[in-house]
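# Secondary and tertiary structure notes
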Amino acid sequence: MSSKILFIVPYPFNTAPSQRLKFEQYYTELGKMGYEITDRPFISTQFWKIVYKKGFYLKKIFYTIIAYFKRYTLLTTLSKYDIVYVHLWGTPFGTPLYEYLLCKFSKKLVYDIDDLVYKGNSSPNNKYVSILKSGSKVNFLMKHADEVLVSTDKLLDYTRQFTHKVSLIPATIDVKKYDLKSINKSDAVVVGWSGSHTTSKYVHILDNVFKKLASAHNIKIMIMGDPAFTMDSVNIELVQWSAEKEIEYLQLFDIGIHPVPDEEWVYGKSGGKLVQYMAAGIPIVASAIGPNFKVIKNEFNGFLVNSEEEWLNKLELLIINEALRKQMGVNSRHHAETFFSVETNLKHYLAIFNNLSIKER
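Keep in mind it's a predicted model, so treat the numbers as computed, not measured.

## What to know about the side chain of serine 332
Here serine 332 shows up in helix H13 (residues 322-340). Exposure remark for serine 332: the relative accessible area of 0% places this residue in the buried category. For serine 332, the residues in contact, after removing those within four places along its chain, are Met278, Ile282, Pro283, Ile284 and Asn301.

As structure tokens, then:
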């Protein structure tokens, strides 16, 4: 008899990095191991199309009401599942009433967090909802879950205030989906960045660096995920992110970049973007901050840098040295396979689920 797991998640399947680069990749493998998976997002596919866009307030309210109705209806089915797996929150606003009911009616509950959601931050296009958000939901789930899963040391330290039943599992990647990067047929060296319109502002940390590099070398800056991004005096190519095209675009990168400021939110991020770069066989240059040290082995699969001068020097080194790019790309792929692949980390999820299933019986 198979065990049944209900995943209660914020976002539709295969849309949000916090889900795509963590547990969603394991659905197929868990199915092979005898687990029956059910996925229930709060945000519908239609809601997802507008949720981070400016305006659409009446539609957002309507979709939110519908989502809440479905969430409370879902409570009546919890007894069918051996494990309930909650990512980030059960419902986004207010007191932890819904989370209390989840814990009360679930046989076993796993709570997964990969961001500093207890801070209550919101998208710039939905600032008004931040006053409705509260860290109390996160704290309640941490206290009452049968197991808490985190992805960074920052979150591990925070969670230990509430429970000792916590495990750290990093962002992972299904490496098999990524072919090794093919030879770049373009004359320009492609320096690539992948993200969203909310984080693309950090690419501007490198405005001066890119202008200096562009004046001396044939480079192209490829931005995936923000179709409105602009930068003067530099050859820019913008590509729209999609699940279908993501890997294809990543494999056009000769160098992957990850500039981030030294701010608290960075320490809650699991480095999923870097893991994708590695799976695609791309050398990386990233800010020497927080979780980046966990993903990048300096001078092996990339460079960790602290200053504008270091950004300029390391990027220039990779631009002019094709052999180094190739070797670091191979190292990136090997590092992803060894430490961040689904195959490597599946055992951690299985150990947790198997243990909870045994306790339930």
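## Concerning the environment of methionine 222
Tracing the chain through its elements places methionine 222 in strand S8 (residues 219-224). The class of methionine 222 is buried, set by a relative accessible area of 1%. C-alpha of methionine 222 to C-alpha of leucine 252: the two residues are 30 residues apart in sequence and 8.7 Å apart in space.

## So, the sheet that holds strand S4 (residues 109-112)
Overall, parallel pairing links the six strands, which are arranged S2-S1-S3-S4-S5-S6 in an open sheet. The open sheet has two edge strands with one neighbour each: strand S2 (35-41) and strand S6 (166-168). Strand-to-strand, the axes of this sheet are offset by a mean angle of 20°, without reference to chain direction. As defined by bridge partners, strand S3 (residues 83-87) adjoins S4 across four bridges and the pair is classed as parallel. Bridge pairing in S4 places histidine 87 opposite aspartate 112. With respect to the sheet, helix H4 (residues 57-74) is in contact with strand S1 (3-9) and S2, its orientation differing from that of S1 by roughly 155°.

## Some points on a nonpolar patch on the surface
Residues Leu58, Ile61 and Ile65 make up a contiguous nonpolar surface patch of roughly 350 Å² in combined accessible area. Relative accessible area serves as the criterion here: at 54%, isoleucine 65 is assigned to the exposed category.

## Some words on the pairing of strand S12 (residues 302-305)
Both faces of S12 are covered, namely the face carrying Gly302 and Leu304 and the face carrying Phe303 and Val305. Pairing between strand S11 (residues 284-287) and S12: four bridges, direction parallel. Note on S12: the bridge partner recorded for valine 285 is phenylalanine 303.

## What about the pattern of salt bridges?
Evaluated as defined, the whole model comprises 13 salt bridges. The partner of aspartate 112 in a salt bridge is lysine 22, and the shortest N-O contact between them spans 2.8 Å. Placement of the pair is aspartate 112 in strand S4 and lysine 22 in the loop between helix H1 (17-20) and helix H2 (27-32), with a sequence separation of 90 residues. Accessibility expressed as a relative area gives 0% for aspartate 112, which makes it buried. Note on lysine 22: relative accessible area 1%, which makes it buried.

## Things to note about helix H10 (residues 272-279)
Burial of H10 is extensive: eight of the eight residues sit out of reach of the surface. For H10, the full list of buried residues reads Gly272, Lys273, Leu274, Val275, Gln276, Tyr277, Met278 and Ala279.

Scoring rules and cut-offs
Residues numbered from 1 in each chain as written. Predicted model: local features only at pLDDT ≥ 70, side-chain atom pairs only at ≥ 80, totals over all residues. Heavy atoms only, no water. Helix = DSSP H or I, 4+ residues; strand = E, 2+ residues; numbered from the N terminus. Buried < 20%, exposed > 50% of the residue type's maximum accessible area, 1.4 Å probe, protein only. Contact = heavy atoms within 4.5 Å. Pairing = 2+ DSSP bridges. Axes fitted to C-alpha atoms, helices over the stretch in contact; angles between N-to-C directions. Patch = residues over 30% accessible without salt bridge, like charges linked within 9 Å, V, L, I, M, F, W, Y side chains within 5 Å. Areas by Shrake-Rupley, 256 points an atom, 1.4 Å probe, with all protein chains shown as cover. Salt bridge = Lys/Arg side-chain N within 4 Å of Asp/Glu carboxyl O.

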